[in-house]
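Coordinates in review
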Amino acid sequence: MSQLKVLAVSSLENAAVLEELLECEDLNRMATLQPAGENLDRAASFPVDAVVILSHEMTPSECDFVERLYMSRGKLAFVLICEAAEAGILSRAMSCGIMRVLTADMGKERICKGIRDEIARVQNRTDSAEIREYDSRVISVFSTKGGSGKTTLAVNLAAALQKAGKRVVLVD
């Protein structure tokens, strides 16, 4: 199994705890940074597969740091480890780009598995993302007066386009 590269992000007082949680044979912790603006460029420069954040409340400054990193490196897996998955923490985590939230009481093995799973999910999503271009059009039929034949016109137009081999969605 290849080594997955992880960037650890936590406050100074939680750094040792996070480093211990990330001691897994297939996870390679590249660095541990504090979630501060001056570390943003440094964090964005690491060639990692995931960013793992240890936070007990997801403060506004932590959210800002993660969101900025997410915007600059969106193809990374972002994982939050917290004490309890409370609604407020989950909401703040999702709003800044974190898609997986784990709790510290899960144990090291389950946390490592959760990180691996999130990395795999993100890599599968980005590898299989197929950009399609559609030759689509939106046709609106509008009138302020009721009974003027808008629905009749829309249905007949949709039927004619479908007979011509076009794919049609009609919303009335």
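For the structure, check the block above.
These remarks concern the structure in this document. (Residues numbered from 1 in each chain as written. Predicted model: local features only at pLDDT ≥ 70, side-chain atom pairs only at ≥ 80, totals over all residues. Heavy atoms only, no water.)

Some remarks on the state of the cysteines
- Evaluated as defined, the whole model comprises one disulfide.
- Each disulfide pairs two cysteine sulfurs, and for Cys-24 the partner residue is Cys-112, the sulfurs being separated by 1.5 Å. Of this pair, Cys-24 sits in the loop between helix H1 (15-21) and strand E2 (27-33) while Cys-112 is found in helix H5 (residues 108-128), placing the two residues 88 residues apart along the sequence. Here the two residues Cys-24 and Cys-112 agree in accessibility, since each one is buried.
- Free of any disulfide, Cys-63 has its nearest neighbouring cysteine sulfur in Cys-96, separated by 4.2 Å.
- Classification of Cys-63 as buried rests on a relative accessible area of 11%. (Disulfide = S-S within 2.5 Å. Helix = DSSP H or I, 4+ residues; strand = E, 2+ residues; numbered from the N terminus. Buried < 20%, exposed > 50% of the residue type's maximum accessible area, 1.4 Å probe, protein only.)

Looking at the nonpolar core
- By size, the foremost hydrophobic cluster in this structure holds 23 residues, and its most contacted members are Leu-7, Val-51, Ile-53, Met-58, Phe-78, Leu-80 and Ile-98.
- Those elements that provide at least two residues to this core are strand E1 (4-10), E2, helix H2 (40-45), strand E3 (50-54), helix H3 (60-72), strand E4 (77-82) and helix H4 (87-95).
- Leave out the neighbours within four places in its chain, and Ile-98 touches Ile-53, Met-58, Val-66, Phe-78, Val-79, Leu-80 and Ala-93.
- Among the nonpolar cores identified, the runner-up in size contains 20 residues, and Ala-50, Val-79, Leu-102 and Ile-111 belong to it. (Core = buried A, V, L, I, M, F, W, Y, C linked by side-chain atoms within 4.5 Å. Contact = heavy atoms within 4.5 Å.)

Topic: the environment of Arg-29
- Tracing the backbone through its elements, the reader meets Arg-29 in strand E2.
- Not counting residues within four places of it along the chain, the set of residues in contact with Arg-29 comprises Val-6, Ala-8, Glu-19 and Leu-22.
- Side-chain polar atoms of Arg-29 contact the side chain of Thr-32, separated by 3.1 Å. (Polar contact = N/O pair within 3.5 Å; in protein donor to acceptor, adjacent residues only side chain to side chain.)

A look at the packing of aromatic side chains
- Within this structure, the stated rule accounts for one aromatic pair.
- With 5.6 Å between their ring centres and 65° between their planes, Tyr-70 and Phe-78 make a pair best called edge-to-face.
- What makes Phe-78 buried here is its relative accessible area of 2%. (Phe/Tyr/Trp six-rings, centres within 6.5 Å; stacked < 30°, edge-to-face > 60°.)

What about the pattern of salt bridges?
- Counted under the stated rule, the structure contains seven salt bridges.
- For Glu-23, the salt bridge is made with Lys-108, and the minimal N-O distance between the two is 3.9 Å. You can see Glu-23 sitting in the loop between H1 and E2 and its partner Lys-108 sitting in helix H5, a full 85 residues away along the chain.
- Residue classification places Glu-23 among the exposed residues on the basis of a relative accessible area of 55%.
- Here Lys-108 falls in the partly exposed class, since its relative accessible area comes to 30%.
- Arg-68 is the salt-bridge partner of Asp-64, the closest N and O atoms lying 3.1 Å from each other. Of this pair, Asp-64 and Arg-68 are both found in helix H3, four residues apart, which corresponds to roughly one turn of the helix.
- Residue classification places Asp-64 among the partly exposed residues on the basis of a relative accessible area of 35%. (Salt bridge = Lys/Arg side-chain N within 4 Å of Asp/Glu carboxyl O.)

Points about a nonpolar patch on the surface
- On the surface, a nonpolar cluster with roughly 600 Å² of combined accessible area is contributed by Ile-139, Val-141, Leu-153, Val-155, Leu-157, Leu-161, Val-168 and Leu-170.
- Relative to the elements of secondary structure, Val-168 occurs in the segment after helix H6 (150-163).
- Given the relative accessible area of 36%, Val-168 is considered partly exposed. (Patch = residues over 30% accessible without salt bridge, like charges linked within 9 Å, V, L, I, M, F, W, Y side chains within 5 Å. Areas by Shrake-Rupley, 256 points an atom, 1.4 Å probe, with all protein chains shown as cover.)

Description of the sheet that holds E3
- Spatially, E2-E1-E3-E4-E5 is the arrangement adopted by the five strands of the open sheet, whose pairing is parallel. Of all the strands in the sheet, the pair left with one neighbour each is E2 and strand E5 (100-103). When the angles between neighbouring strand axes are averaged without regard to direction, this sheet yields 25°.
- With five bridges connecting them, E1 and E3 associate as parallel partners. The residue bridging Leu-7 from the neighbouring strand is Val-51, located in E3.
- Sitting on the sheet, H3 touches E1, E3 and E4, and the angle it makes with E4 is about 165°. (Pairing = 2+ DSSP bridges. Axes fitted to C-alpha atoms, helices over the stretch in contact; angles between N-to-C directions.)

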